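Commentary on secondary and tertiary structure
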Amino acid sequence: MTVTQPSSPASQPVIPLVIGFSAKDKPSSDIINTCVHCGLCLSSCPTYRETGLEMASPRGRIYLMKAVDEGRISLASEVFQEQMSLCLNCRACEAVCPSGVQYGAILEASRAQIEQARAGKAGPPATPGAPEPKLPPRPLWQRALRGAVFGVLFKRMEVFRLFSAMMRLYQRSGAQWLARKSGLLKLLGLADTEAMLPPISDRFAVPQGQMLPAEGERRYSVALLTGCIMSTAFAHVHEATIHVLRKNGCEVIIPPDQGCCGALHTHGGDLDGGRELARQNIAAFEGLGVDAIIVNAAGCGSTLKEYGHLLHDDPAWRERAERFSAKVKDVHEFLAGIELNRAALGRLNLTVTYQEPCHLVHAQRISAQPRALLTAIPGLTLKEMPESSLCCGSAGIYNVTQPEMAMSLGARKIDNALTTGAEIIATANPGCALQLAGELRRRGKQVEVRYIIELLDAAYRKVETPA
């Protein structure tokens, strides 16, 4: 891959999202009314399991959404706003719901509804004659921060790469050491947030239209999403992904003009920002004639697969979005669905446990394939951890906005992982990797966090460069 210095078994199919947001992005009444309040979602919900509170469950939150929709409570309700924020959007409830409630869609729309009300753009009240939904605007500093992050940093990759280069300088110049030792970060209340900053890669994965040939006979042509944080802090994971794909007969194309997937925007209530990024990525990948669009981050893959829903009400882009989403494949899903090149896999004598990213197992319903790839590596022993599919507490920027709940869930996840005695925790999402590594550092544990694709890459390289 050209880089630049910074100047298996079929899984349960995902329930198709077929109901679009309204013009003002209020939650669909049809989806809300799909819930029959059976309670089967309760045991799968991380926040309910931590708190035991009905309102902190999917069923409780849907009840609040319904009350707002019918005008019985206001958008200004503190309980409503608190619960829309406290939810991780891990989608575990969707995976067990017998009624097929599209919970992620109504949660994201509820958050958008709150943000639009804060901006004075909430539209007419849900019930005729009810007061117009208005909320006080966010404080100026919050508006400025959201504008900088959602409006600039994650929309302009040249700015994101510049910011990443500055963070790399901060980490390696001694400034990070000084900031931590001096107590300045604690004084500013930034110690926990700064501790989650990932080590920035020496080289960034910059999409420039690269075309990397398959090793041996070409069996497939695929395109790779580089994304935002994956292209800077996790560029090494892209290198591993490309190497594994090429070893399996794939020509890999990295189209220019692609960018962030928009997951943080859609989860954070900025659906228009998510739509803008969706259109950009659809245009970047259209017309390539590839067999699949490969994604190696669970949250990105989930978002890309739902572009058809995100742009459902846009007649100019709806069909283009649906065609795009139909091509998207998680890298584990793709590799498990082809004849894997097992002959070139070397032996890795490792004991590994697998932490399932929520947007892989719940949103995309991909669970068996990652395990099949891990067990395909000679010498590797996979030990299952308890509650492997319970959210680790990362959830995008959740560990910044809800640090107490995130820390509690992170500790619970590491407790479960350590019971296996594994020397490596395997995962498939950047947020999960950072959350797990942070909790391990706090405990002083010498357990590694690695991407599954990195372990496959290491196994292939073991044969290429034997000891």
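Note that this is a predicted model, so its numbers are computed, not measured. (Residues numbered from 1 in each chain as written. Predicted model: local features only at pLDDT ≥ 70, side-chain atom pairs only at ≥ 80, totals over all residues. Heavy atoms only, no water.)

**Points about the sheet that holds strand β9 (residues 448-451)**
- Within the open sheet, the four strands sit side by side as β7-β6-β8-β9. Their pairing is parallel. Two strands bound the open sheet, and with one partner strand each, they are β7 (381-382) and β9.
- Where strand β6 (residues 351-354) lies against strand β8 (residues 424-427), three bridges are found, and the strand directions are parallel. Its bridge partner being in β8, threonine 353 is matched across the sheet by isoleucine 425.
- Of the strands in this sheet, β8 and β9 touch helix α24 (residues 430-443), which is tilted by about 170 degrees from β9. (Pairing = 2+ DSSP bridges. Helix = DSSP H or I, 4+ residues; strand = E, 2+ residues; numbered from the N terminus. Contact = heavy atoms within 4.5 Å. Axes fitted to C-alpha atoms, helices over the stretch in contact; angles between N-to-C directions.)

**Observations concerning the side chain of glutamate 94**
- Relative to the helices and strands, glutamate 94 is located in helix α5 (residues 92-96).
- Judged by relative accessible area, glutamate 94 falls into the buried class, the value being 8%.
- Apart from the residues lying within four places of it in its own chain, the contact partners of glutamate 94 are Val101, Gln102, Tyr103, Gly104 and Arg365. (Buried < 20%, exposed > 50% of the residue type's maximum accessible area, 1.4 Å probe, protein only.)

**Some words on the pattern of salt bridges**
- Summed over all chains, the structure comprises 33 salt bridges.
- Ionic pairing is found between lysine 26 and aspartate 69, a salt bridge with its closest N-O pair at 2.7 Å. In this pair, lysine 26 is assigned in the segment before α1 (29-32) and aspartate 69 in helix α3 (residues 58-69), connecting sequence segments 43 residues apart.
- In this structure, glutamate 276 and lysine 155 form a salt bridge, with 2.9 Å as the shortest nitrogen-oxygen distance. One end of the pair, glutamate 276, is in helix α15 (residues 271-285); the other, lysine 155, is in the loop between α7 (140-153) and α8 (157-172), and 121 residues separate them in sequence.
- In this structure glutamate 276 comes out as partly exposed when scored by relative accessible area, which is 41%.
- Salt bridges sharing common partners tie together Arg49, Glu50, Glu387 and Arg412. (Salt bridge = Lys/Arg side-chain N within 4 Å of Asp/Glu carboxyl O.)

**Here we look at the domain arrangement of the protein**
- Considered domain by domain, the protein is made up of domain 1 (29-119), domain 2 (140-196), domain 3 (210-336) and domain 4 (345-461).
- Here domain 2 and domain 3 have C-alpha centroids that lie 27 Å from each other.
- Buried surface at the junction of domain 2 and domain 3, summed over both partners, amounts to about 930 Å²; 68% is from carbon and sulfur atoms.
- Taken as a group, Phe150, Phe154 and Lys155 account for 60% of the area that domain 2 buries against domain 3, more than any other trio of residues on that side.
- On the surface where domain 2 and domain 3 come into contact, there are one salt bridge.
- Applying the counting criterion to the domain 2 and domain 3 interface returns four residue pairs in polar contact (both at pLDDT 80 or more).
- Every element with two or more residues in the side of domain 2 that touches domain 3 is listed here: α7 and α8.
- A total of four residues in the side of domain 2 that touches domain 3 trace back to one element, the largest contributor, which is α8.
- Of the residues belonging to the side of domain 2 that touches domain 3, the class tally is four nonpolar, one polar and three charged. (Domains from an automatic or database assignment. Buried area = accessible area lost by both parts, 1.4 Å probe. Polar contact = N/O pair within 3.5 Å; in protein donor to acceptor, adjacent residues only side chain to side chain. Nonpolar A, V, L, I, M, F, W, Y, C, P; charged D, E, K, R; others polar.)

**Regarding the pairing of β6**
- Sheet topology note: the β6/β7 ladder contains two bridges and is parallel. Within β7, the residue paired with valine 352 across the bridge is leucine 382.

**What about the packing of helix α21 (residues 368-375) against helix α25 (residues 452-464)?**
- With their axes 10 Å apart at the nearest point, α21 and α25 run at an angle of 25 degrees to one another. Judged on the interaxial angle alone, α25 and α21 are roughly parallel. In this structure, α21 crosses over α25, and the sense of that crossing is left-handed. Residues Pro370, Leu373 and Leu374 of α21 lie in contact with α25, whose contacting residues are Ile452, Leu455 and Leu456.
- Looking at the contact of α21 with α25 residue by residue, the class counts come to six nonpolar, no polar and no charged. (Parallel < 35°, antiparallel > 145°, perpendicular 65-115°, else oblique. Left-handed = near helix turned anticlockwise from the far one by under 90°.)

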